Every structure is written in structure tokens, then in C-alpha cells.
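Okay, here's what each chain looks like letter by letter:
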Amino acid sequence: MHHDSRHSVSVAGVIVDDQQRALLIQRRDNGHWEAPGGVLELEEDVVSGLRREVREETGLEVEPELLTGVYKNMERGIVALVFRCRAVGGALTETDESRAFRWVTAEEIKGLSVEAFAVRVLDAMQGDGRPVIRQHDGVHVIGSGL
């Protein structure tokens, strides 16, 4: 039996406004509330891919400020790099990938997103400047991370 041991790399941008709220998108494909992001193309560098994914899902142009976490979905072999970002242009626009937007406080995130995705936003909003490293199963965080 052939087992594919390759990983996929994705990026996500946690856009934080001047009121310390984070932007979540509601995905069209599954209805989940998450930070905007997606899979890097093979020829893309990390920052260009982050900017493209956020623009495709929100209409916003962003400037990444800090890598806040590295997360691995142990079930699917996806490694996600999450950055705290600030919006520098564009306008929120629904797209083929997003059907709604919501600016949320740290307290509101836990009620909207599953743990594995909420923790990414919380880490970006509340971090101490050092990226965390966490594993999850697609829903729940596994272990305490670094």
C-alpha cells in the first residue's frame, strides 16, 4: 500500500483592527468561521501567498506584521503558517470563497469557530511576540504546544 508522506502548506492572516478585533470570514464551502487563508502555490513565496489568499477571500490588501503560529493538522498533513496582519487597502467584498465577514473580540471567537481554528486567532491576538507551535486533529488541539 502506497502512503503519501508529503505535506501541504497553507497560510492564514489574522487581521486585527484598531479596536483589537479580528476579522473572520464565513467560508462558502462549509459555513465555518475562520481567518482568511489557503494553500500556497508551488511557485509562491510565503508572504506573496498570504497576501493573495487574503485578497481572494476578503478583497483586502494586508501587511503581515508577525508570524504568530505554526499549526499541523495531524489527520490531513497540512502545515499552516499564521500571521497577524493589518489591512492597508482594499474593501471587504464577498467572493466565491467567502459569504460573510465578522469583526470579533477574543471572547466571541470560541463560540464561532472550532477549537483548532479559534486557537489560531487567539494566538495571533494575544501572543507575546513568539510564534507558538501546535498540533490538531482538524477540530481539537492535541497537546499543549510550545
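From a predicted model like this one, the values you see are computed outputs, not experimental measurements.

Conventions we followed
- Residues numbered from 1 in each chain as written.
- Predicted model: local features only at pLDDT ≥ 70, side-chain atom pairs only at ≥ 80, totals over all residues.
- Heavy atoms only, no water.
- Helix = DSSP H or I, 4+ residues; strand = E, 2+ residues; numbered from the N terminus.
- Rg over C-alpha atoms; globule rule 2.2 N^0.38 Å.
- Buried < 20%, exposed > 50% of the residue type's maximum accessible area, 1.4 Å probe, protein only.
- Contact = heavy atoms within 4.5 Å.
- Areas by Shrake-Rupley, 256 points an atom, 1.4 Å probe, with all protein chains shown as cover.
- Lys, Arg positive; Asp, Glu negative; His and termini not counted.
- Charge placed at Lys NZ, Arg CZ, Asp CG, Glu CD.
- Core = buried A, V, L, I, M, F, W, Y, C linked by side-chain atoms within 4.5 Å.
- Pairing = 2+ DSSP bridges.
- Axes fitted to C-alpha atoms, helices over the stretch in contact; angles between N-to-C directions.

Caption draft 1: A look at the overall build of the protein. In terms of helices and strands, the protein carries three helices and nine strands. Listed N to C, the secondary structure of the protein is β-β-β-β-α-β-β-β-α-α-β-β in terms of helices and strands. For the protein, whose C-alpha radius of gyration is 14 Å, the value lies close to the compact-globule estimate of 15 Å for 146 residues. Considering only C-alpha atoms, the protein reaches an extent of 50 × 30 × 30 Å along its principal axes. Among the 146 residues that make up the protein, the fraction classed as buried is 42%. Sequence-distant contacts in the protein: of pairs separated by 6 or more residues, those separated by 24 or more amount to 62%. A total of about 8100 Å² of accessible surface is found on the protein, and carbon and sulfur atoms cover 50% of it. Averaging the positions of the 17 positive and the 25 negative side-chain charges in the protein gives two centres separated by 3 Å.

Caption draft 2: Spatial organisation of unusual backbone geometry. The backbone phi angle of Gln20 is positive, close to 65°, even though this residue is not glycine. Locating Gln20 in the fold gives a position in the loop between β1 (8-15) and β2 (22-27). What makes Gln20 exposed here is its relative accessible area of 52%.

Caption draft 3: Inspection of the nonpolar core at higher detail. In this structure, Val14, Tyr71, Ile109, Val121 and Met125 are the most contacted members of the largest nonpolar core, which totals 21 residues. At the level of elements, β1, β2, β6 (78-90), β7 (98-104), α2 (106-112) and α3 (115-126) are the ones that each hand at least two residues to this core. Looking at this core, the element that brings in the most residues is α3, giving six residues. Leu23, Leu50, Leu81 and Phe83 belong to the second largest nonpolar core, which has eleven residues in total.

Caption draft 4: Main features of the environment of Gly37. Along the polypeptide, Gly37 turns up in strand β4 (residues 37-39). Distance from Gly37 to Val14, taken between C-alpha atoms, is 9.0 Å for residues 23 residues apart in sequence. Not counting residues within four places of it along the chain, the set of residues in contact with Gly37 comprises Val11, Ala12, Glu53 and Glu57.

Caption draft 5: The sheet that holds β4, seen in detail. Across the sheet, six strands lie side by side as β4-β1-β6-β5-β8-β9; this open sheet has mixed pairing. The open sheet is flanked by β4 and β9 (141-142), the only strands paired with a single partner. Here strand β5 (residues 60-73) pairs with β6 via twelve bridges, running antiparallel. Across the sheet, Lys72 pairs through a bridge with Val79, a residue of β6. Contacting β1, β4, β5 and β6, helix α1 (residues 46-58) crosses the sheet at an angle of about 105° to β5.

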